[in-house]
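Geometric and topological summary
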Protein chains: 2
Amino acid sequence: MTTAAPKDSPAVANKQVYLFGDGAAEADGMMKELLGGKGAGLAEMSRLGIPVPPGFTITTEVCNTFYALGRQYPDGLEARVREGIAHIERAVGAGFGDATNPLLVSVRSGARVSMPGMMDTVLNLGLNDVTAEGLAERSGSGRFAYDSYRRFVQMYGDVVLGVKPDSDTEHDPFEVLLDAKKAARGVKLDTELTEADLRELVVEYKGAIRDRLGIEFPDDPWQQLWGAIGAVFNSWENPRAIAYRSMYGYPSNWGTAVNVQAMVFGNLGEDCATGVAFTRHPATGDRHLYGEFLLNAQGEDVVAGIRTPQPIGKVDRVPGGPASLEETMPVVHGELVEACDRLEAHFRDMQDIEFTVQQGRLWILQTRSGKRTGRAMVKVAVDLVDEHMIDEREAVLRQEPEKLDELLHQTFDRAAQTDVIAKGLGASPGAAVGKVVFTADEAAQWAERGEDVVLVRIETSPEDIVGMRVSRGILTARGGSTSHAAVVARGMGKCCVAGCGALEIDYQRQQFSVQIEGRGRVLVKQGDTISIDGTTGEVMLGSVALVDPVLPAEYERLMSWADGTRRLKVRANADTPGDAVLARQFGAEGIGLCRTEHMFFGEDRILAVREMILAEDEAGRRAALARILPMQRDDFTGILRAMAGLPVTIRLLDPPLHEFLPQRPDEIALVAAALDVSPSDIERRVQALHEFNPMLGHRGVRLAITFPEIYEVQARAILEAACALKAEGVDVIPEIMIPLVGIEEELAQVRTLVVATAEGVIAERGTAVEYTVGTMIELPRACMVADSIAKHADFFSFGTNDLTQTTFGLSRDDASRFLPAYVEQGLLSRDPFQELDRDGVGGLIRIGIEKGRSTRANLKVGICGEHGGDPSSIEFCHDAGFDYVSCSPYRVPIARLAAAQAKLAGTPAMMRAD
Amino acid sequence: MTTAAPKDSPAVANKQVYLFGDGAAEADGMMKELLGGKGAGLAEMSRLGIPVPPGFTITTEVCNTFYALGRQYPDGLEARVREGIAHIERAVGAGFGDATNPLLVSVRSGARVSMPGMMDTVLNLGLNDVTAEGLAERSGSGRFAYDSYRRFVQMYGDVVLGVKPDSDTEHDPFEVLLDAKKAARGVKLDTELTEADLRELVVEYKGAIRDRLGIEFPDDPWQQLWGAIGAVFNSWENPRAIAYRSMYGYPSNWGTAVNVQAMVFGNLGEDCATGVAFTRHPATGDRHLYGEFLLNAQGEDVVAGIRTPQPIGKVDRVPGGPASLEETMPVVHGELVEACDRLEAHFRDMQDIEFTVQQGRLWILQTRSGKRTGRAMVKVAVDLVDEHMIDEREAVLRQEPEKLDELLHQTFDRAAQTDVIAKGLGASPGAAVGKVVFTADEAAQWAERGEDVVLVRIETSPEDIVGMRVSRGILTARGGSTSHAAVVARGMGKCCVAGCGALEIDYQRQQFSVQIEGRGRVLVKQGDTISIDGTTGEVMLGSVALVDPVLPAEYERLMSWADGTRRLKVRANADTPGDAVLARQFGAEGIGLCRTEHMFFGEDRILAVREMILAEDEAGRRAALARILPMQRDDFTGILRAMAGLPVTIRLLDPPLHEFLPQRPDEIALVAAALDVSPSDIERRVQALHEFNPMLGHRGVRLAITFPEIYEVQARAILEAACALKAEGVDVIPEIMIPLVGIEEELAQVRTLVVATAEGVIAERGTAVEYTVGTMIELPRACMVADSIAKHADFFSFGTNDLTQTTFGLSRDDASRFLPAYVEQGLLSRDPFQELDRDGVGGLIRIGIEKGRSTRANLKVGICGEHGGDPSSIEFCHDAGFDYVSCSPYRVPIARLAAAQAKLAGTPAMMRAD
C-alpha cells in the first residue's frame, strides 16, 4: 500500500458525510474531488430541486483516512452514517430493517473520475428474511421480493464477501446453484422459477457462502451496510484499480467516495409507475415532453416489451390507445414536466430521463443527454440557439457530423422486420433494395429494362464502373473501407457493403450462400431480392421498406454558422460534370480531385485507350492519344464549366496501364477483334504488363517518365478546354496535379513538359488562362524531401490513401484478412484507412508541410484521400495547417461541419497553451 | 554582363603571364586561383623538373580586366605573350611561324575548377600553308601535316570563329564537306583520304568560312593566337558557362586563365616515340616501371593497335619480341624512370603517365593516378606504407572496397575472346560457365550427374532455392538488384545476372532467344553452354576461360588496419551453418540476419509447412508445427554452434504463407497426394491466400497476430537449441527478431508471447540462456513511432530493402520496367536498392534512431538490408550512429573496409565542423 500512513496520522477533522435529497443538499456539483463524480452530481440535482432518491455520500477524505489508519474507520463516522440513514428514512418514509415498510438502499463507489475496475454496485441492501416478507407484502408479489433477495445475496456474496469461482471448474457457485435449480424444475429461463424456488435458492446461496467462507451471511442491515462501505474502500486498492490508475497516471491519494442511496420501486401498487421521458422528440427534435411509462412496473418491464407502454403526454395518446401519464397521474405529470424543464435548462441540452413513481411520489433516477437522430440533432441545436440556451458556436460543436449522412441518404424504416443473413463493413452509407446480379454487364442489362439491382462481387475493379453506376447498391465479399468498391461507391453516393467475408460467391452458378449457425446454408440466386444497409453493413433477405431523406428546415442555418466559423475550405472529389454539379449543391468550394482514369473506361474510349497501351512505339501511342484528346477535352470542358469560378484539381493518369486491359478470354477476344490483332498478342501484352505489387509499380508520374506523350496530351486537353471556356467568358481555374511523385527531378521534368504544353496551347489559342501545377504527396519519401519537391509545385495535395498504404506497408486490398483482427484485439483503435493515423502518417504529413512551406511559404496544401471526409482526420488537417480538405460530394456537408468544429475545438486548446 | 566594370577601372598591375617548362616555372601548384587548375598543375610539374612541353599561362586577373575594359586586352599583355612564345621557342628549338621548323601550340581555357561548358581546346595552332609544308617535310608525311592542318582549320572555325551548323539541315558545314569528299572518292573512312584530298579540304574549309562569315581564315600565327586567347576569355561569359556557374554557385569574378603550350610530336622520325608507362604493374601491383611505346608514332597509333607496341623495360621484353625502350633509347629511358619516380613520390601513388619523345627529347604529357585491379590496389597501398610514402590510414582510405570482390570470386580471363549476346544487371559478382537449364528441378538433376549448370528463369521464387544452390550461376529476364534471384545469389556468393530484358524465354520449348541487330535471332537451347559475368552483367555464348581468385599476401595486413580503425561492427546475413562458417572466415562478427523461411523450403519439411498452411484451425496448425519444431531446432543448433561466442539475430517467419504453396498443377497434384486432400482443396486455399500486393500483405508480425502459434514454435526451437548448446558449454547469443512491425502494440503483444515461451523453455531445461528480443524497422511508420516501439525492443535492425520499397512506393520486383529509365535520365544517380537513399530513406532512419534512443538510450542499432554491404550506405550507417552493419558473407571484407573508411572520412569532417 503505497499510501499507507502511520496510524497516528491526524483523523479527519472535516465533515465526513454529506446528505442529499428532498430538494436540498449539503454539497454541490463542483465538489467532485471530495465527493466523487457521482456524489457531486446527486448533490447538484438535489440542489436544483430534482426529486432524486435521497441518500448520502461518505467523502474521499474518509477513504484516505481509512488507509492511514490501517484500514479502520475514523472516529465519528458511525454516528454520521446513522444520521444519513435517518435522513433517508425520513425522506422516503420507510425504515431501515423495518419489517413492514423496509427501506432498501444501494451502495456504490465513486471516484472523481469514472474508473472501471473498481467495486460494482450493491443493490437492495437491507433485505433479510424479515424485510423480504415486508417487501412481498407491500409489492403484492412474493416472487418479486424473493427474486430481489436472492439477487442481493448473490451480489453481496460476490462483491462484498468475495466468493470466488470454484478453482477446478471456474464456475460461479451461485450460477451453479441457479442452473441446478432450473434443471431440477425442468425450466430454461430464470423467470420460469417460482417464488418457492427462489426462497430455496436464497437458503442454498447462504449455504454456499457458509461452506466456502465459513461465515454466516449477515442478516442485520447495519452489518450489511458497514460490510459494503468497507468493501468500497478496500476496492480502491484492489489490483484492477491499481493497474487502472497506473495506466492513466491517477494518484492513489485521490481516494473513492461511497454513495448510499434509497432504492425506490415502481411496482408497489397502482399508485406506482416507471418510465422514460425525452425533453424533446428524439426522432424529430420537436419540442414537447415525449416518452412512455408503465403503471405498477419495474424498469425491466418497460424494456421487456410484454406490456404496452402508455404515453407521457395527452397529445401522444393514440385513438383507442392507453391513457397518458398526464391523464392518469396529473400531479406527478406536472412534477415531471417541471423536473424535465429544470434539467434541460441546467444541462442546456435535450435530456433522456428515467423516472419511477413510488406510491404517488416522483423520483428521478437518471438524466443524460438524449440520443437522437441526425434530423433531431440539427433541429434541437438550432432551437436551443433560438431559445438562448446555447450560442451558435455551441450548436455547431454539438453536432455529430457523421449523423448528417442520415439526412442525405435513403435509410431503412426502423420499424421494419428484417432477416439479416450476414454483416459486412458499412462502406458507403445509404440503403438499397434490389435483385442480385453478379456482373457489371448484367447490372447494366437488368437496369436497362428497369430493374433495381444490387451488384454482388468478390471485389470490384475499374472495369465495373458502369455497372456500379446503374446499381442501387454494391455488395462485395472482400476489401475494406477504401477498397475500390467502397471508394467508388462513396464517390457516387451509392450504398455499399464491403468485405462481407461470410458470402461464398459462386460466379459459375450465379449464386452466393451464407452459412448461418442453427439455420444451415442460406442460398441467394441471381434475381433474388436483397436489402443492404451501407451504414450498419447488414445484408438482409427480401425487400425492406425505405425512407426517403428529408432535410430539416434548420439545416441551412446550422451550416451557415459552420461555414462562418471554419478556416478550412471544403472541396469535393468528382470525376464527372454530374458529380461536380452535385458537389456544388452540397457546398463544395472546388474540386480537390478529378481522376482522369475513370474517364478512360467510358465505352466510347476504352478501345482507343487499349490501342494506346498496345502500341509498340511512341508513334502508335500518339496516334491513339490523338483520338482520346477530343474526348478528354470534352470531359474537362464539362467539369470546368460546372465549377465556373472555383478551382478544379485534375490529376493526370495514375493507375498502371494493365488496369485498362481486359482479363477474361471473351473480353480479350472482343478487344482483339476490335483492334485487329490476335488475342495472343493481347494476352502477351497483359502478361508483360503484369506486376507483382501493382500498388508499388509502374504508375503515376512513372508513366510520364517512360511515356511522356500521355501527360502531354492530357495537359493539352485541359488547356484547350480551359481556353475555349475562357473565350466564352467562363471563369476557369484549372490546377494540374502530378501523382505519385517521390523524387524532385520527376516533378521538375514533368512540370516542364506540362508547362511547355500549356504555354503552347495558350499561344495557339491566344487566350490567357491562369493555371497551376502541383503534386500529390502520397509517398513517405515525398514528405521527407518535400522542400525539394516544393520548388516545382504550386500546391501539395496529400493522397492519404496511398500514403497510409506505404507508411504502414499495408495494402488496402489485402488488409481485410488481418486488419479486423487488429481492431478487435485493440492493436489499432480504428481502421487507419478510415481515420488518419496521426502518429505515423500524420507525422509524415507534418514533416511534408513544414518542409514544403520552408521552400515555398505560400504553398497551397490540401488532402484528397478518403480521410478528407472523416471528422477526426479533418480536425488533424485543421491543426496541421491545411488550406482545404476534399471528399466525396455526399460528405461535403459533414466536412464543412467537422472543419468548423476543428476550428472551435482548436481555439480553447490554444488558449489553454498559455 | 554582371561583372562589367567602368572602363576607367585600374588596369592589371600584377604579373599577367607566368612561364613554365624547361625544368622551372614562375608559379607553383598552390596558385590555382590565379592560374586555374590546369596552369597551376603544369607549373608544379615544371618545378619538379618534369619535362612538360613548355608554355605559359595568362592569369584569371587578366580575364577580369578584359571584361572590366569592355572586352579589351590590358596594356602590356601583348609584350608578355610575345615573351611567352619566345620562351617556348627557346625551350623547344622551333619557331612560331617558321617555315622549316614550325612551333605549333595548343590553347586551352582553365578556371580554378574544371568547368564543362566552356571553350574547347584548339590544337596545332600555328599552321598555315607555309608551316604545313615545313611540318610535312620534318615529319616525312604530307598526309599527316595536311590532316593536322584541316583539323586545325575545322577546330578553329568552330571554336574561335564560331561557325554554326546550317540552320536548315543542322549539319556542321565542315562535316558536310568531309562527307562529300569521301563520297567523291568512293571511300568510307577518313583515313582512306589522300594528302591531295586533305589539301583540297583545307581550301574548301577556308571557303566555307569565307562564305558564311565573310572573312578570310587568318594565316598569320599571331593573329590565330590572339583570336584563340580572345575566344577563351569570351567563353567565360557564354550561356553554357553562365548556366554552369549558376548551377554550382560559382561567382563570375573567378575568371578563366589561358594556357598556351607547345605541341610535341612523336612521329617526326626514328628519334621520336610515344607511349604510356605505369609506375607499378596495374594488374599485380609489382614495383617496376611497366608500359609500352611505339617508335615514330602518335598517341592514336598506340590505341589503334595496328602496330605491335614495344615494352618499356628490358625485363618485360618477351623472347623474340621487339626491343624495349631501355634498349632502344637508354638515355630517354633513364629520364623517364627519373620523371616517373619523381611523380610517384610527389603524388604518393602509382601513376599512369603519357609521354612523347620528339627528336630525342622526352616530354611528359600527362600523369594521373593509375587504374588498377583489386589485387594491385591492395598491394600498392601496403607497399607504399612500407616505403613510408603514406600511412596506414591513407592506405585504407585509398581502397575502392567494391574491388575486393575481384579477390573473392572467380573472374573471366581478360584476354579471352567472348561472344556477348546480351547484357543484364550484374547482380551478384563472379563468373559462371555452365549448361542452360530452365527449372530448379532440372538444375538439381543435371548437377546430380555432375554437370555445371546455369539456371535461366524469367524470375526466381523461394521454391527455386535448392536449384539455385546447385547451379554455377543464375540468369533472369526480370527483376533488379534486389530481386529474389539477386538477393539469394549474393547470399550464396553465387554469380547472378538479373533483369536481362533482351532474353525471350520460352519454358515450353526449353529455350531462350535474343534479337541482335545485324545478326538476327540467336537461339539458346537447354544444354547449350553459356558464360555469365555477375559483375558486368554480360551473357556470352560458349565457355569462357575462368581465373581463380588469389588473395594477395598484403590483404591481411590491410584488413587488420581497417579493423583497427572502424567503429562499426560487421555481421553477415546467413541462413545455414555453412554460410555462417563462411561468414566467420570472412571476418563476420555475428549474424545480423538469419532468415527462417529459407529453412522452410527444405525438401524434408516443405510438406509439413504446407500442411500447417492448409490446416483449417489452430489445432491443425499446431500438429504440423510440432513436426517442424525439431527440424527448426536442428537448424538453429547448427548456426548457433557455428557462431559460438558471437551474436546471431534470427528473424521469425516473414513471407506471406502463399509463397510456400505450389502454383503449378503438377506440383499441386503432388502436394495434394502427399497431404491426402483434393487438388481443388489446395487450389482453393492458394486462391484464398492470393494477394494483390503481397509486399504489403499478410506477412511478418501480422502472421503472428493471426496465428501466434507459428512464432511460438519458432521461439521454442531457438531456445531449445540455445539451452542444449549452453548445457554443452557452447557460448550462445541468440537475438530474436520480429519483422514488419509498424504499431507499438504488435511488438508488445508478440514480445510477450516470445518471452513467455522462452522463459518456459529455460524453466523446463533448467539452463539459463541470455537472449534479446528486437524488431526489424522496415516500415516508414515504424520510424515515425520508434520511440513507442523501442519500449519493447532490445534492438532495432533496419530492413532497408523493404524500407526503400515502402518509402519510395516502389516494388523491387516490378521496378525493372522503369527504374533503368530513371537512372539513364539522371532522375536517380543510382538504384536506391543498391545505394541507400540518404534524403528519403536515410531521413526516416535518422528519425527512427533518434526516437528509438530517446526511449532506450542503449538501443542496439543495425542494418540487415542489401545496403549493409554497400560502401556509400555503410558510410551513412557510420554517420547515423549504427552499431553494426550486416551483409552477405562475400561482402563482409568490403564492409569492413568501407566501415574503416567511413570512420576516417568522418574524423576530418567533424573537425571541420568547428
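Here, the structure is the one placed above.
What this report covers is the structure whose coordinates are included nearby. Because the structure is predicted, anything quoted here is derived from the model rather than measured.

Things to note about the sheet that holds strand β21 (residues 504-506) of chain B
Residues and elements named next belong to chain B. Spatial ordering of the open sheet is given by β21-β22-β23, a layout of three strands whose pairing is antiparallel. Either end of the sheet is taken by a strand with one partner, and the two such strands are β21 and β23 (520-525). Strand-to-strand twist of the sheet, defined as the mean angle between neighbouring strand axes without regard to direction, takes the value 25°. Relative to strand β22 (residues 511-516), β21 runs antiparallel, the two sharing three bridges. For isoleucine 505, the partnering residue across the bridge sits in β22 and is phenylalanine 512.

A closer look at the environment of alanine 444 of chain A
Take alanine 444 of chain A: it is sitting in helix α16 (residues 440-448). Distance from alanine 444 of chain A to valine 470 of chain A, taken between C-alpha atoms, is 6.3 Å for residues 26 residues apart in sequence.

What about the pairing of strand β22 (residues 511-516) of chain A?
Residues and elements named next belong to chain A. Taking burial as the measure, the six residues of β22 include five buried ones, the bulk of the element. Where strand β21 (residues 504-506) hands over to β22, the hairpin turn is made up of four residues, of which glutamine 510 adopts a positive phi near 55°. Alignment of β22 against strand β23 (residues 520-525), held across six bridges, turns out to be antiparallel. For phenylalanine 512, the partnering residue across the bridge sits in β23 and is valine 524. Between β22 and β23, which pair antiparallel in sequence order, lie three residues; one of them, glycine 518, sits at a positive phi of approximately 75°.

Comments concerning the sheet that holds strand β19 (residues 473-476) of chain A
All names here are of chain A. If you trace the eight strands from one edge of the open sheet to the other, you get β15-β25-β24-β17-β18-β19-β20-β16, paired in mixed fashion. Each end of this open sheet is capped by a strand with a single partner; those strands are β15 (420-423) and β16 (425-428). The sheet shows a mean angle of 30° between the axes of neighbouring strands, taken without regard to direction. Where β19 lies against strand β20 (residues 495-498), three bridges are found, and the strand directions are parallel. Among the inter-strand pairings, glycine 473 is bridged to a residue of β20, identified as cysteine 495. Against the sheet, helix α18 (residues 484-492) makes contact with β16, β19 and β20, and its axis sits at roughly 45° relative to β16, the strand it touches most.

Focus on helix α6 (residues 173-185) of chain A
All names here are of chain A. An ideal rise of 1.5 Å per residue puts 18 Å on 13 residues; α6 measures up with 18 Å between its terminal C-alpha atoms. Every buried residue belonging to α6 is among Pro173, Phe174, Leu178, Lys181 and Lys182, and all of these are buried. Lining the buried residues of α6 we find α5 (142-161) and α7 (195-213). Glycine 186, located one to two residues past α6, shows a positive phi value of around 65°.

Brief notes about the nonpolar core
If you look at the biggest cluster of nonpolar residues, it comprises 238 residues, and the most contacted ones within it are Phe882 of chain A together with Phe882 of chain B. Discounting chain neighbours no more than four positions away, the residues touching phenylalanine 882 of chain A are Arg567, Leu568, Phe798, Ile845, Ile849, Val861, Gly862, Ile863, Phe876 and Cys877 of chain A. If you look at the next biggest cluster of nonpolar residues, it comprises 67 residues, including Ile58, Met115, Ala136 and Met263 of chain A.

Some points on the packing of aromatic side chains
Scanning the entire structure with this criterion turns up 39 aromatic pairs over all chains. Geometrically, the ring pair formed by tyrosine 73 of chain B and tryptophan 226 of chain B is tilted, given 5.0 Å between the ring centres and 55° between the ring planes. Within this pair, whereas tyrosine 73 of chain B is found in the loop between α2 (60-68) and α3 (77-92), its partner tryptophan 226 of chain B is found in helix α8 (residues 221-235), the two being separated by 153 residues in sequence. A residue is classified by how much of its surface remains accessible, and tyrosine 73 of chain B, at 30% relative accessible area, is partly exposed. Within the aromatic cluster, the residues linked to one another by ring pairs are Phe66, Tyr67, Tyr73, Trp226 and Phe233 of chain A. Lying across the ring of tyrosine 18 of chain A, lysine 15 of chain A places its NZ or CZ 5.3 Å from the centre. The aromatic ring of tryptophan 222 of chain A is capped on one face by arginine 82 of chain A, whose charged end is 4.0 Å from the ring centroid.

A word on the pattern of salt bridges
All names here are of chain A. Counted by the stated rule, this structure contains 145 salt bridges over all chains. Taking the shortest distance from any N to any O, the salt bridge between arginine 896 and aspartate 563 comes out at 2.7 Å. Here arginine 896, found in helix α35 (residues 892-912), pairs with aspartate 563, found in helix α19 (residues 555-565); they are 333 residues apart in sequence, far enough to count as distant. Here arginine 896 falls in the buried class, since its relative accessible area comes to 8%. Relative accessible area serves as the criterion here: at 28%, aspartate 563 is assigned to the partly exposed category. Overlapping salt bridges, with partners in common, bring together Lys181, Arg185, Asp197, Glu200 and Glu204 in one network.

A look at the interface of chain A and chain B
Each partner contributes to the interface: chain A provides 49 residues, whereas chain B provides 50 residues. Summing the contributions of chain A and of chain B, the shared interface buries around 4,500 Å²; its carbon and sulfur component is 59%. Area buried by chain A at its contact with chain B is led by Phe692, Leu696 and Arg781 of chain A, which between them contribute 15% of it. The interface formed by chain A and chain B includes two salt bridges. Among the salt bridges present, the one from aspartate 837 of chain A reaches arginine 781 of chain B, with a minimum N-O distance of 2.6 Å. Mapped onto the side of chain A that touches chain B, the elements with two or more residues apiece are α25 (679-689), α26 (701-706), α28 (744-765), α29 (780-784), α31 (800-808), α32 (819-824) and α33 (841-855) of chain A. When the residues that make up the side of chain A that touches chain B are grouped by side-chain class, the tally is 22 nonpolar, 15 polar and 12 charged.

Points about the relation of the copies chain A and chain B
Note on the chain copies: they are related by a rotation about an axis and a translation along it. By a simple turn and slide, chain A fits onto chain B: the slide is 0.0 Å along the axis, the RMSD is 0.2 Å, and the turn is 179°. Given the turn and translation reported, the copies of this chain are related as if by a two-fold rotation axis. Same-surface contact between copies: 100% of interface residues of chain A are shared with the interface of chain B.

Topic: helix α13 (residues 374-386) of chain B
All names here are of chain B. Relative to the 18 Å expected for 13 residues at 1.5 Å per residue, α13 spans 19 Å between its end C-alpha atoms, a close match to the ideal helical length. Every buried residue belonging to α13 is among Gly374, Ala376, Met377, Val378, Lys379, Val380, Ala381, Val382, Asp383, Leu384 and Val385, and all of these are buried. Check the buried side of α13 and you find it contacts α14 (392-397), α15 (404-408) and α19 (555-565). At the C-terminal side of α13, histidine 388 shows a positive phi close to 65°.

Describing the packing of helix α22 (residues 606-614) of chain A against helix α24 (residues 665-675) of chain A
Residues and elements named next belong to chain A. In contact at an axis separation of 11 Å, α22 and α24 are set at 85° when each is read in the N-to-C sense. Judged by the angle between their axes, α22 and α24 are roughly perpendicular. Taking contact as the criterion, the partners of Leu607, Arg610, Glu611 and Leu614 in α22 are, on α24, Val671, Ala674 and Leu675. Its residues assigned to classes, the contact of α22 with α24 shows five nonpolar, no polar and two charged.

Criteria and thresholds
- Residues numbered from 1 in each chain as written.
- Chains lettered and ligands numbered in written order.
- Predicted model: local features only at pLDDT ≥ 70, side-chain atom pairs only at ≥ 80, totals over all residues.
- Heavy atoms only, no water.
- Pairing = 2+ DSSP bridges.
- Helix = DSSP H or I, 4+ residues; strand = E, 2+ residues; numbered from the N terminus.
- Axes fitted to C-alpha atoms, helices over the stretch in contact; angles between N-to-C directions.
- Buried < 20%, exposed > 50% of the residue type's maximum accessible area, 1.4 Å probe, protein only.
- Contact = heavy atoms within 4.5 Å.
- Expected span 1.5 Å × (residues − 1).
- Core = buried A, V, L, I, M, F, W, Y, C linked by side-chain atoms within 4.5 Å.
- Phe/Tyr/Trp six-rings, centres within 6.5 Å; stacked < 30°, edge-to-face > 60°.
- Lys NZ or Arg CZ within 6 Å of the ring centre and 35° of its normal.
- Salt bridge = Lys/Arg side-chain N within 4 Å of Asp/Glu carboxyl O.
- Buried area = accessible area lost by both parts, 1.4 Å probe.
- Nonpolar A, V, L, I, M, F, W, Y, C, P; charged D, E, K, R; others polar.
- Least-squares fit on C-alpha atoms with pLDDT ≥ 70 in both.
- Parallel < 35°, antiparallel > 145°, perpendicular 65-115°, else oblique.

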